[in-house]
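So you can see what is in the structure, the chains are spelled out below.
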Amino acid sequence: MSFPEQRPRRLRRSPAMRRMVAETRLHPADLILPVFVREGLTEPVPISSMPGVVQHTEASLLTAAEEARDLGLAGIMLFGIPTTRDAQGSAGLDPQGILNRSIRAVKDRVGEDLVVMSDLCLDEFTDHGHCGLVDEAGEVDNDATLEVYAEMGVAQAEAGADVVAPSGMMDGQVAVIRQALDEAGHQHVPILAYAAKYASGFYGPFREAVDSQLKGDRKQYQMDAPNRTEALREVELDLAEGADMVMVKPASAYLDILSDTAAISDVPVSAYQVSGEYAMIEAAAANGWIDRRTVITESLIAIRRAGATNVLTYYAAEVAGWLREELAGSRGSASASSAQTPPSAPAHPPIEPRRPTASTRPADQPRTDAGFPPVS
């Protein structure tokens, strides 16, 4: 049977109809907010290549974490920027270093209401900007770096990280970190492995965000853009080593890799909408070339549609606010149009977008997923 009996447009005729048959949905609990905290700041510093994103102070980081919690986001991923660096990335191991003390402070502030994740890598902490230790020949020493990653993972777990996320693409990193965590009594801490991380030009603005000291590139250890089968090998190795979650990075230019990964993975799959993806949307929107909200939403839907369980995105808090507005609007419309509601029945209170503070929720009040119904 075909046209005129078959008319797929019947299911697109109204917003309500399109909403009913939508195959992919966004929810705040699908989104993870990456944040940068820089040691020594007294005010947040805007990142010029990422309009709307800042390097946080240690105080403003806590405000961002509270907002993420109260918007019902899945989690927050912390990146620390120290005042001093050395060849070994020592500040990343220091229990009182910027990243570890920020993990501790955020965890103390949000408790179990928000998953606190930590980037487990040396690039922010080394004076050469590489993700591992560099030998005399200028090569990143894989096996020596693994020893540092193991120590770093334990330090982050002891600071209170709910999830550690090794992003350096060293061979064997998941297995070494898993063993170190288990031996230190942190069997409960999951590993989110950056399993298929490409050496990408889309990371450009991130270099500014973390004040990267890198000269050159990371092509000797991050993946080469033409390779697809190799990505599946990387994912399979991380799964075999005990990864509790795996990630594809970047997201939008690698949706085929994301789809492939989702097809073989028996653990949740993350995707990172990286700094360059964010910057391109912002630049095009600033020039009036695209509708900003539509493109942001469409880009995240595409990543979810390709198979991501959750998405790391700098838009996480803003999009969660939009979803809250949409939910409030649909409830308001339903209430206004219902003829079944008795005149004396109380109206459902609207959910107003707001900037949360520490006092918005009593400490003993349980979370209810920020008022959002569960969706697939």
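Overview of the structure.

Conventions adopted
Residues numbered from 1 in each chain as written. Predicted model: local features only at pLDDT ≥ 70, side-chain atom pairs only at ≥ 80, totals over all residues. Heavy atoms only, no water. Helix = DSSP H or I, 4+ residues; strand = E, 2+ residues; numbered from the N terminus. Buried < 20%, exposed > 50% of the residue type's maximum accessible area, 1.4 Å probe, protein only. Contact = heavy atoms within 4.5 Å. Areas by Shrake-Rupley, 256 points an atom, 1.4 Å probe, with all protein chains shown as cover. Patch = residues over 30% accessible without salt bridge, like charges linked within 9 Å, V, L, I, M, F, W, Y side chains within 5 Å. Salt bridge = Lys/Arg side-chain N within 4 Å of Asp/Glu carboxyl O. Lys, Arg positive; Asp, Glu negative; His and termini not counted. Charge placed at Lys NZ, Arg CZ, Asp CG, Glu CD.

### So, the overall build of the chain
Item 1. Of regular secondary structure, the chain possesses 11 helices and 10 strands.
Item 2. Taken across its 376 residues, the chain has 49% of its residues classed as buried.
Item 3. Of the contacts made within the chain by residues no fewer than 6 positions apart, 76% connect residues no fewer than 24 positions apart.
Item 4. When the accessible surface of the chain is totalled, it reaches about 17600 Å², and 52% of it is carbon and sulfur.

### A closer look at unusual backbone geometry
Item 1. With an omega dihedral of 10°, the bond running from Phe3 to Pro4 counts as a cis peptide bond.
Item 2. With respect to the helices and strands, Pro4 occurs in the segment before α1 (15-21).
Item 3. With an omega of -5°, the peptide bond between Lys249 and Pro250 qualifies as cis.
Item 4. Looking at the secondary structure, you find Pro250 in the loop between β8 (245-249) and α8 (255-264).
Item 5. Even without being glycine, Met169 reaches a positive phi, approximately 60°.

### Quick notes on a positive patch on the surface
Item 1. Taken together, Arg7, Arg9, Arg10 and Arg12 make up a surface patch of like positive charges.
Item 2. Within the secondary structure, Arg12 sits in the segment before α1.

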